[in-house]
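Examining the three-dimensional arrangement
Here's the letter readout for the chains.
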Amino acid sequence: MVTRAGLEVPWLVPVVLGVVAAAVLVGLLLRDRRATTGVANTEDLRRVPALRAWRVRYRALRVGLALAVAAAAVGAGVLAARPVTVEERTRELANRDIVLCLDVSGSMVDYDERVVATFERLVEGFTGERVALAVFDSTSSTVFPLTDDYTLVSEQLRAAREAFADPRSPEAEAIYRGTSGLEGQASLVGDGLASCTLLFDQFDADRSRSVVLATDNEVWGSPIYTLPEAAALAASRGVVLHALHAAGRETFAASTATEMRLAAESTDGTFTTADDAGAVPAILARVQASQLAAMDADPERVVTDDSDGWVVLLYVAGLAAVVLAWRVRA
């Protein structure tokens, strides 16, 4: 980080200094001119001690007034030129894109709340990763696209967590909107994963791509993509699938878990259960360790006003000029 002080409009300072210098010069010339025009028979008065002391005080007040006016003018000029502190920050951006892809069918609500809560905490440590959140049931909906605006990410994740905690809340209505587009069908996992895969920017191939998929993989309906087909689509686009399996009914648990494991491994991803409290941190740690790349971002220029000292100078010098002018007139 490089820090430097400067002026936004530097040419105003010499202009003000020139005006002040010209005013002082004119004042001196007028003073000399008045001094050459004396009053007859006043030489004896000049020798009176009281008058001499008065003249010394008078001259001192005039000099002080001139200096106060000059200081106030300089302060005003510098303030007009806008003194600033400029910081140029060059940061390294983590070169990763992560899509959190959640099955929001009825059997997944409790799992989704825990996954989002964990993800919400981990986002606080991100430095440049782009994050997206998508949800699906029979159809898919993007809550927010890939972004590194962590204020927005945190707000949206908090809203999602609160929605999963209370599915009847207004926040829940916003989260679930667009996920029940096909009547009589639910949890179309392959279509959900395919939609999440399409959220990545195809023109930014240098960034690594990961999908964290949380689902029980219990499909009810006729998806366009099966889970293996969606995983193949992800692999063809350079997307790594990290699967969080939420164990549903025991009759389906073994087969659905096996299918998710194979799908994740086909993309060089990982498989774990959503009941594991350390699953999400472990997935993100693997993403950061195995897919870390860095790129220099354009320097960020932060300009901060640095006028406090000059404001004080202008205030003090202006007040002093008013007091001294009153004294001179008195």
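Residues numbered from 1 in each chain as written. Predicted model: local features only at pLDDT ≥ 70, side-chain atom pairs only at ≥ 80, totals over all residues. Heavy atoms only, no water.

Let us look at the packing of helix α4 (residues 109-123) against helix α5 (residues 150-165). Relative placement of two packed helices is described by the angle separating their axes and the distance separating the axes. In the contact formed by α4 and α5, the axes pass within 9 Å of each other and the chain directions differ by 155 degrees. The angle between α4 and α5 places the two elements in the roughly antiparallel class. The interaxial crossing formed by α4 with α5 has left-handed handedness. Residues Val109, Asp112, Glu113, Val116, Ala117, Phe119, Glu120 and Val123 of α4 form the contact with α5, whose own contacting residues are Tyr150, Val153, Ser154, Leu157, Arg158, Ala160, Arg161, Phe164 and Ala165. Classifying every residue of the contact of α4 with α5 gives eleven nonpolar, one polar and five charged. (Axes fitted to C-alpha atoms, helices over the stretch in contact; angles between N-to-C directions. Helix = DSSP H or I, 4+ residues; strand = E, 2+ residues; numbered from the N terminus. Parallel < 35°, antiparallel > 145°, perpendicular 65-115°, else oblique. Left-handed = near helix turned anticlockwise from the far one by under 90°. Contact = heavy atoms within 4.5 Å. Nonpolar A, V, L, I, M, F, W, Y, C, P; charged D, E, K, R; others polar.)

With that settled, the discussion passes to the sheet that holds strand β7 (residues 208-215). In spatial order, the strands read β6-β5-β4-β7-β8-β9; together these six strands make up an open sheet with mixed pairing. Bordering the open sheet on either side are β6 (140-147) and β9 (271-273), each of which pairs with just one other strand. On average, each strand axis in the sheet is inclined to that of its neighbour by 15 degrees, with strand direction left out of account. With five bridges joining them, strand β5 (residues 130-136) and β6 adopt antiparallel strand pairing. What sits directly across from Phe136, in β6, is Ser140. Here α4 sits on the sheet in contact with β4 (96-103), β5, β7 and β8 (239-245), set at roughly 160 degrees to β4. Relative to the sheet, α5 contacts β4, β5 and β6, its axis offset from that of β6 by approximately 155 degrees. (Pairing = 2+ DSSP bridges.)

Taking 1.5 Å of rise per residue, 15 residues should cover 21 Å, and α4 covers 21 Å from first to last C-alpha, within 8% of that figure. Burial in α4 covers these residues: Val109, Tyr111, Asp112, Val115, Val116, Ala117, Thr118, Phe119, Glu120 and Val123. (Expected span 1.5 Å × (residues − 1). Buried < 20%, exposed > 50% of the residue type's maximum accessible area, 1.4 Å probe, protein only.)

Turning our attention to the pattern of salt bridges. This structure, assessed with the given rule, holds four salt bridges. A salt bridge links Arg96 to Glu129; its shortest N-O distance comes to 2.1 Å. Of this pair, Arg96 sits in strand β4 while Glu129 sits in the loop between α4 and β5, and the two are 33 residues apart along the sequence. Between Glu120 and Arg161 there is a salt bridge, with the nearest N and O atoms lying 2.7 Å from each other. (Salt bridge = Lys/Arg side-chain N within 4 Å of Asp/Glu carboxyl O.)

Inspection of the entire model under this criterion finds three aromatic pairs. When the centroid spacing of 6.3 Å and the interplanar angle of 70 degrees are considered together, the rings of Phe126 and Tyr150 count as edge-to-face. Of the two residues, Phe126 is situated in the loop between α4 and β5 and Tyr150 in helix α5; the sequence distance between them amounts to 24 residues. Considered together, Phe126 and Tyr150 belong to a single accessibility category, that of buried residues. (Phe/Tyr/Trp six-rings, centres within 6.5 Å; stacked < 30°, edge-to-face > 60°.)

Let's shift gears to the nonpolar core. Counting residues in hydrophobic clusters, the biggest one holds 35 residues, and the most contacted among them are Leu100, Leu102, Phe119, Leu157, Phe164 and Leu244. Elements with a contribution of two residues or more to this core: β4, α4, β5, α5, α6 (170-176), β7 and α10 (279-290). Counting residues in each nonpolar core, the second largest holds 26 residues, with Leu146, Leu241, Met260 and Phe271 among its members. (Core = buried A, V, L, I, M, F, W, Y, C linked by side-chain atoms within 4.5 Å.)

On to the confidence of the model for the chain, then. Within the chain, residue pLDDT values average 80, and 80% of them lie at 70 or more. Averaged over each element, pLDDT in the chain is lowest for strand β10 (residues 294-296) (53) and highest for helix α7 (residues 189-197) (95). (pLDDT = per-residue confidence, 0-100.)

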